[in-house]
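# An overview of the molecular structure
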Amino acid sequence: MQADLIVRDCRQILTFRAQNAAGEPAGMDDPGVVSGGAIAISDGKILAVGTEADILASYTASEHISAAGGIVLPGFVDCHSHPVFVHTREDEFAMRLQGKTYVDIALAGGGIRSTISSTREADEELLFELAARRIRKMISLGTTTLEAKSGYGLDTASELKQLRVIDRLAKELPIHIVPTFMGAHEFPAEYKDNHSAFIDILTDEMIPAVAEQGIAEFCDIFTEAHVYNLEESRIVLDCAKKHGMKLKMHADEIEPMGGAELAAEMGCVSADHLGTTSEQGIEALAKAGVVPVLLPATLFSLRSKTYARGKDMIQRGLPVAIATDYNPGSCNCDSLPLTISLACLQMGFTPAEALTAATRNAARAVCREAQVGSLEPGKSADFTIWDIPSHNFIPYHLGSSHITSVYCKGVCVHRAAE
Ligand code: NIG
Ligand code: FE
């Protein structure tokens, strides 16, 4: 059979396929290894993955690329990020080192609110250029699918502007981008004492406008003691659902307030953070089939002593995902390799579990499990080639990556300098 491209000379391909050799659902600790493998690709999609001998016996292709004996993995799926903003907030990082907490800083007028005015003032071109530069860095670290949220405009025109920027990023950058509306990221300063008036704007103006323009697939909300309480969150999520949007929540990041239970009640696709989620919260997520998205780099950056109960969730069979949470405040981390290291070191994941969380399970968190997240026939040909002795090397070498090239839709989108 004819293919466009064959990838060969792979010492190992870690497919992260959904089923193991016995046809059962693969566990998170099973990377689905094919040794001495090759991949046949046509039209940007995977035709077959197998041993090199089998692939070369069945396929011919005009182009062959050599993985030079490297290890091949699916492109990473970063299923939670906030990349569209102007200025960075490294001063808050320094304040946290002096003992101030994220909430102290937010309540004193810093935090998300301090990112609003420059985002409102910025033109689309500037926001696009800054976000594109940040995302190119993520691509160089292996990300080929990225969920990107609005949420630094907090008025209808500025939220729509951010979403148009995300739409342009999706069209002009060579990776897959999933757009999320997050108008309920904070209460803007002008509504800080009148939450219900801002919630009316969200439900009567912003969500209908976003839904009508069809420029966000998900609606997300920051449910936390100092921002949206459970009742306020329910109103916003309910409205988004009625407008046909899929739901996500920032839940139980700092305080255990029943965010996970609300995510289950509302039928959210994912509940994210979950740093303080209780046993009942985990149970509720499991029953409702909500994907837990854990963000260990955020808790690390906030100097938390505790982390989400990721291993308990894995033991319960939940499809645990991890993501960077890249943003200008709580977590200025664009690296899934570093996030994978932190999942291992701070939550006790095995390297294979952390990699599954950043690929196959992360794809579920953005409803892209049929398209990306594993190297299986029919999926997008998104993969990274690594010059490493084994996949354990990825979390082991902290803060560095040994990616030699990144492919998305069968096309090389990054090559490391020799
Ligand atoms: O996921 N938690 C809410 N939002 C971001 C923080 C955004 C910011 O501080 O600018 C987060 O941690
Ligand atoms: Fe976030």
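All figures in this text were calculated on a predicted structure; none of them were measured in a lab.

## A closer look at unusual backbone geometry
A negative phi angle is the norm for most residues apart from glycine, just as the trans form is the norm for most peptide bonds. With a phi close to 60°, Asp9 is a non-glycine residue in the positive phi region. Tracing the sequence through the fold places Asp9 in strand β1 (residues 2-14). We classify Asp9 as partly exposed; its relative accessible area is 33%. You will see that Asp325, though not glycine, has its phi angle at about 65°, which is positive. Within the secondary structure, Asp325 sits in the loop between β12 (321-322) and α13 (336-347). The class of Asp325 is buried, set by a relative accessible area of 1%.

## Some details on the side chain of Ser301
With respect to the helices and strands, the residue Ser301 is situated in helix α11 (residues 296-301). Within the structure, Ser301 has its side chain in polar contact with the side chain of Arg96 (distance 3.4 Å). There is a polar contact of 2.9 Å between the side chain of Ser301 and the backbone oxygen of Ser330. Residue contacts for Ser301: discarding those within four places in its chain leaves Arg96, Ser330 and Cys331.

## Some words on the pairing of strand β14 (residues 403-408)
Each regular strand shows side chains that alternate between the opposite faces of the sheet. Burial analysis of β14 places five of its six residues in the buried class, which makes it a mostly covered element. Sheet topology note: the strand β13 (residues 383-386)/β14 ladder contains four bridges and is antiparallel. Opposite Trp386, over in β14, you have Ile403 as the bridge partner. Pairing between β14 and strand β15 (residues 411-415): four bridges, direction antiparallel. Each residue of the ladder has a partner; that of Cys408, found in β15, is Val411. Connecting β14 to the next strand, β15, in antiparallel fashion are two residues, including Lys409 with a positive phi near 55°.

## Details of the pattern of salt bridges
Taken as a whole and judged by the stated rule, the model has 23 salt bridges. The partner of Arg8 in a salt bridge is Glu52, with the nearest N and O atoms 3.5 Å apart. Highlighted residues: Arg8 in strand β1 and Glu52 in helix α1 (residues 52-58), separated in sequence by 44 residues. For Glu52, a relative accessible area of 16% translates into the label buried. Across the pair Glu279 and Arg309 runs a salt bridge whose closest N-O atoms are separated by 2.4 Å.

## Remarks on the coordination of the iron ion (ligand 2)
All of the protein donors around the iron ion (ligand 2) are His80 (NE2), His82 (NE2), His250 (NE2) and Asp325 (OD); their distances to the metal are 2.1 to 2.3 Å. We note that the donor set of the iron ion (ligand 2) lies within a single chain, spaced as H-x1-H-x167-H-x74-D. One end of the pair, His80, is in the loop between β5 (76-78) and α2 (90-97); the other, His250, is in strand β9 (residues 246-251), and 170 residues separate them in sequence. Both residues of the pair, His80 and His250, belong to the buried class.

## Some remarks on the environment of Val366
Counting through the fold element by element, Val366 comes out in the loop between α15 (360-365) and β13. Here Val366 falls in the buried class, since its relative accessible area comes to 0%. Residues Val366 and Phe128 lie 238 residues apart in sequence; the distance between their C-alpha atoms is 22 Å. Excluding anything up to four places from it in sequence, Val366 contacts Val77, Cys79, Glu147, Val178, Glu217, Phe218 and Lys248.

## What to know about the sheet that holds strand β2 (residues 33-42)
Strand pairing in a sheet takes place through backbone hydrogen bonds and is either antiparallel or parallel in direction. On the basis of which strands lie adjacent, the open sheet formed by seven strands has the order β3-β2-β1-β4-β13-β14-β15 and mixed pairing. At either margin of the open sheet sits one strand with a lone partner, and together these are β3 (45-51) and β15. Neighbour-to-neighbour, the strand axes of this sheet turn through a mean angle of 30°, independent of strand direction.

## Re α13
Compared with an ideal rise of 1.5 Å per residue, which puts 12 residues at 16 Å, α13 spans 15 Å between its outermost C-alpha atoms and is within 8% of the ideal. A large share of α13 lies buried, amounting to nine of its 12 residues. If you check which residues of α13 are buried, you get Leu336, Pro337, Thr339, Ile340, Ser341, Leu342, Ala343, Cys344 and Met347. Between a side-chain oxygen at the N-terminus of α13 and the backbone nitrogen of Leu338 the separation is 2.9 Å; the capping residue is Ser335. Looking one or two residues beyond α13, the residue adopting positive phi is Gly348, at roughly 80°.

## Some thoughts on the domain arrangement of the protein chain
Per the domain assignment, the segments of the protein chain are domain 1 (2-74 + 375-415) and domain 2 (76-365). Taken together, the contact between domain 1 and domain 2 spans 29 residues of the former and 29 residues of the latter. Seen at the junction of domain 1 and domain 2, the total is zero salt bridges. Linking domain 1 with domain 2 are 10 residue pairs in polar contact (both at pLDDT 80 or more). No other element matches the four residues that β14 contributes to the side of domain 1 that touches domain 2. When its residues are assigned to classes, the side of domain 1 that touches domain 2 shows 16 nonpolar, nine polar and four charged.

Rules used in this analysis
- Residues numbered from 1 in each chain as written.
- Chains lettered and ligands numbered in written order.
- Predicted model: local features only at pLDDT ≥ 70, side-chain atom pairs only at ≥ 80, totals over all residues.
- Heavy atoms only, no water.
- Helix = DSSP H or I, 4+ residues; strand = E, 2+ residues; numbered from the N terminus.
- Buried < 20%, exposed > 50% of the residue type's maximum accessible area, 1.4 Å probe, protein only.
- Polar contact = N/O pair within 3.5 Å; in protein donor to acceptor, adjacent residues only side chain to side chain.
- Contact = heavy atoms within 4.5 Å.
- Pairing = 2+ DSSP bridges.
- Salt bridge = Lys/Arg side-chain N within 4 Å of Asp/Glu carboxyl O.
- Donors = N, O, S within 2.8 Å, 3.2 Å for Na, K, Ca; no water.
- Axes fitted to C-alpha atoms, helices over the stretch in contact; angles between N-to-C directions.
- Expected span 1.5 Å × (residues − 1).
- Domains from an automatic or database assignment.
- Nonpolar A, V, L, I, M, F, W, Y, C, P; charged D, E, K, R; others polar.

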